[in-house]
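Notes for the structure review
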Amino acid sequence: MEVVGRVTAVGAEVSEGLVGQQVLALLPGFGGFAERGVAEAEMVLASPPGAGADEVVALGVNALVAELALQRVGAAAGERVLVRGAGGGIGVLATQIAHARGAEVTVVTSSSARGERLRELGAAHVVDRNRSGVPDAGFDVVVDTVAGPDLGQHLELLRPNGRYVICGAAGGLPSVESFAPLLRDFHKSLSLHAFSLNSVTPEELRGSWKRVVALLGEGRLSAVVDQVFPLAEAAAALRHVADGKAFGKVVLRPR
Ligand SMILES: NC(=O)c1ccc[n+]([C@@H]2O[C@H](COP(=O)([O-])OP(=O)(O)OC[C@H]3O[C@@H](n4cnc5c(N)ncnc54)[C@H](OP(=O)(O)O)[C@@H]3O)[C@@H](O)[C@H]2O)c1
């Protein structure tokens, strides 16, 4: 999906100044398991000064999804934000970015150990989904990377004028009935957003990356690298992700 590396050549209408620069590039499809890649110039973003390749790739798509999802639903200071799938690649960044925006963050995760790590990243409250299930109600925003059969229960946790943003479906597709609270709780004027990075304009992408880099520079955001595998061990890396034990991002290093 995304890679970090040095630019070796550019097309005719692209600034030669990019050659030699370390960049983050979003590739079309899933073509990143490689030593070399080709990206559209508008999908290439400057690496933050002084940041290492592992760190930048661990931010990458996940930071952009988390930042833009929170931006689209206007998560504001003082609001209560719930993050589902908080220990995952997107979740660890959504937790930090919501906290940096001044929100009070509650996370749903799969163990108390993961919860402790999420507290260090800014979570004020932790719900262990394997023990206590669904949190108490009263959220202004839910960022959901899980969806799945429990989506409806989480939709019901929103306050009046609450916003729910689905950015992934790590837990599978929800049933149509999951969305019933939108109409059953019609008086609450809830909003439901589906958010994919594939829909954003190059301007939105750059604006978001600028905000991510600023948070990184201010020390209010950090990349969370679970493990780094050599490219030759990509299959083992994928198995590790599929096991659901990774906390943050799994990185492949070509050499
Ligand atoms: N919107 C976009 O543009 C975009 C871009 C990239 C990826 N995605 C999608 O976003 C989703 C999350 O991506 P990711 O990189 O964060 O994935 P990830 O690193 O695998 O994390 C997903 C997290 O969800 C939780 N989870 C997994 N299965 C679950 C289940 N059955 N029930 C409840 N929680 C479960 C786990 O967190 P805990 O253990 O902490 O609960 C897991 O760490 C994926 O579906 C991915 O395809 C969307």
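Per chain, residue numbering runs from 1 following the sequence as it is written. The model is predicted, so local features are restricted to residues of pLDDT at least 70 and side-chain atom pairs to those at 80 or more, both for listing and for counting; the totals for chains, interfaces and linings are taken over all residues. The basis for every side-chain value is the complete set of heavy atoms in the structure, and neither hydrogens nor water enter the calculation.

For the protein, an unreviewed UniProt entry supplies the name Oxidoreductase and the organism Streptomyces chrestomyceticus JCM 4735.

Examining the site of the ligand
Of all residues adjacent to the ligand, which total 25 residues, the nearest are G87, T109, S110, F195 and L197. S110 places a side-chain nitrogen or oxygen 2.5 Å from an oxygen atom of the ligand. Pairs of N or O atoms within 3.5 Å make up the polar contacts considered here, provided that, within protein, one atom can donate a hydrogen while the other can accept it, and that residues adjacent in sequence are counted only when both atoms are side-chain atoms. Between a nitrogen atom of the ligand and a main-chain N or O atom of F195, the distance comes to 2.8 Å. Think of it this way: any DSSP run of H or I at least four residues long counts as a helix, any run of E at least two long counts as a strand, and we number them from the N terminus. Of all the secondary-structure elements, those providing two or more residues to the shell around the ligand are α1 (53-72), α2 (89-100) and β5 (104-109). The element contributing the most residues to the shell around the ligand is α1, with three residues. We call a residue near a given molecule or strand whenever any one of its heavy atoms falls within 4 Å of it.

Some details on the domain arrangement of the protein
Domain delimitation follows an automatic or database domain assignment. Split by domain assignment, the protein resolves into domain 1 (2-61 + 201-253) and domain 2 (63-198). Note on contacts: a residue pair is in contact if any heavy atoms of the two residues lie within 4.5 Å. Counting residues at the interface gives 22 residues for domain 1 and 20 residues for domain 2. Accessible area that two parts lose when put together, with a 1.4 Å probe and added across both, is what the buried area reports. Area buried by domain 1 at its contact with domain 2 is led by V61, R211 and F247, which between them contribute 32% of it. Think of a salt bridge as a Lys or Arg side-chain nitrogen and an Asp or Glu carboxyl oxygen that are within 4 Å of each other. Across the domain 1-domain 2 interface, the total number found is two salt bridges. In this structure, R72 engages E204 in a salt bridge whose closest nitrogen and oxygen atoms are separated by 3.1 Å. Counting across the interface, domain 1 meets domain 2 through 14 residue pairs in polar contact (both at pLDDT 80 or more). Of all the secondary structure elements, the ones that give two or more residues to the side of domain 1 that touches domain 2 are α1 and α6 (202-217). Ranked by the residues each element gives to the side of domain 1 that touches domain 2, the list is headed by α6, at seven residues.

A short note on the nonpolar core
Throughout this description, the term nonpolar core refers to a set of buried Ala, Val, Leu, Ile, Met, Phe, Trp, Tyr and Cys residues connected via side-chain atoms within 4.5 Å. In this scheme, a residue with accessible area under 20% of its type's maximum is buried, one over 50% is exposed, and one in between is partly exposed, where area comes from a 1.4 Å probe on protein chains only. Ranked by internal contacts, the top residues of the largest apolar core, which has 47 residues, are V81, L118, V143, F195, L197 and W209. For this core, the element with the most residues is α1, which contributes ten residues. Composition of this core by domain shows at least three residues from each of domain 1 (2-61 + 201-253) and domain 2 (63-198). Discounting chain neighbours no more than four positions away, the residues touching V81 are L70, A75, A98, A103, E104, V105, T106, F139, V141 and V143. Within the second largest apolar cluster, 13 residues are counted, among which are V127, L155, L158 and L190.

A look at helix α3 (residues 112-120)
Those residues of α3 not exposed but buried are R114, G115 and L118. Summarising the axial view, the buried residues of α3 lie within an arc of 105°, below the 170-degree limit, and thus occupy one face. Along α3, the residues that are exposed and aim more than 90 degrees away from the buried face are S112, A113 and E120. Positioned one or two residues after α3, G122 has a phi angle of 120°, which is positive. The arc refers to the directions leading from the helix axis to the C-beta atoms.

A look at the environment of D185
Considering the arrangement of structural elements, one finds D185 in the loop between α5 (181-184) and β9 (191-194). Note: C-alpha distance between D185 and L155 (30 residues apart in sequence) is 9.9 Å.

Quick look at the environment of S178
Here S178 shows up in the loop between β8 (158-166) and α5. The sequence separation of S178 and H154 amounts to 24 residues, and the corresponding C-alpha distance is 9.3 Å. Setting aside residues up to four positions removed in sequence, S178 forms contacts with P149, L151, G152 and L155.

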